[in-house]
Amino acid sequence: QVQLVESGGGLVQPGGSLRLSCTASASIFSITTMGWYRQAPGKERELVARIFSSDTTNYLASVKGRFTISRDNAKNTVYLQMNSLKPEDTAVYYCNMKYLGRDYWGQGTQVTVSS
């Protein structure tokens, strides 16, 4: 049974920074693909960033250069460092794990960017 626990969301002013963390209970963490998704009210959920077991990364075009995804396999944790935040980044952010064709999700954490 996989559990993903997220933390680090909150309220920040435009131009500010936040770091999201997601810690997994799974012992196979190091061979999984991890990602961060976000969903704003009335909009579809979108992939923000992805990191593979090889440490190769993919980013949504609108966050490239501002967000950085990383993983610490010794801690079973994936991070999303978010810099230069904009109001349009406001959403609920979800941690995701893919393993053997299945998806596992964190509980979601609210990120609000507002002055």
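Before reading further, recall that the structure is shown in the block above.
So, how was this worked out
Residues numbered from 1 in each chain as written. Predicted model: local features only at pLDDT ≥ 70, side-chain atom pairs only at ≥ 80, totals over all residues. Heavy atoms only, no water. Helix = DSSP H or I, 4+ residues; strand = E, 2+ residues; numbered from the N terminus. Rg over C-alpha atoms; globule rule 2.2 N^0.38 Å. Buried < 20%, exposed > 50% of the residue type's maximum accessible area, 1.4 Å probe, protein only. Lys, Arg positive; Asp, Glu negative; His and termini not counted. Charge placed at Lys NZ, Arg CZ, Asp CG, Glu CD. Pairing = 2+ DSSP bridges. Axes fitted to C-alpha atoms, helices over the stretch in contact; angles between N-to-C directions. Phe/Tyr/Trp six-rings, centres within 6.5 Å; stacked < 30°, edge-to-face > 60°.

Draft legend 1. Structural context of the overall build of the protein chain. In terms of helices and strands, the protein chain carries zero helices and 11 strands. Seen in sequence order, the protein chain has helices and strands lined up from the N terminus as β-β-β-β-β-β-β-β-β-β-β. The globule rule puts the C-alpha radius of gyration for 115 residues at 13 Å, and the 13 Å found for the protein chain is close to it. Counting all 115 residues of the protein chain, 40% fall into the buried class. Here the protein chain carries 12 positive and 8 negative side-chain charges, and the mean point of each set is 2 Å from the other.

Draft legend 2. Representation of the sheet that holds strand β8 (residues 77-82). One open sheet holds the four strands; their spatial order is β1-β3-β8-β7, and the pairing between them is antiparallel. Each end of this open sheet is capped by a strand with a single partner; those strands are β1 (4-7) and β7 (67-72). Taken pair by pair, the neighbouring strands of this sheet meet at an average axis angle of 15°, ignoring direction. Pairing between strand β3 (residues 18-24) and β8: six bridges, direction antiparallel. Each residue of the ladder has a partner; that of C22, found in β8, is V78.

Draft legend 3. Structural context of the environment of A74. Its location among the elements puts A74 in the loop between β7 and β8. Sequence separation between A74 and S30 is 44 residues, and the spatial gap between their C-alpha atoms is 8.3 Å.

Draft legend 4. View of the packing of aromatic side chains. Applying the stated criterion across every chain yields a total of one aromatic pair. With a centroid separation of 5.0 Å and an interplanar angle of 65°, the aromatic rings of Y37 and W105 are classed as edge-to-face. Taken together, the residues Y37 in strand β4 (residues 33-39) and W105 in strand β10 (residues 102-105) connect sequence positions 68 residues apart. Taking the relative accessible area as the measure of exposure, Y37 reaches 12% and is therefore buried.

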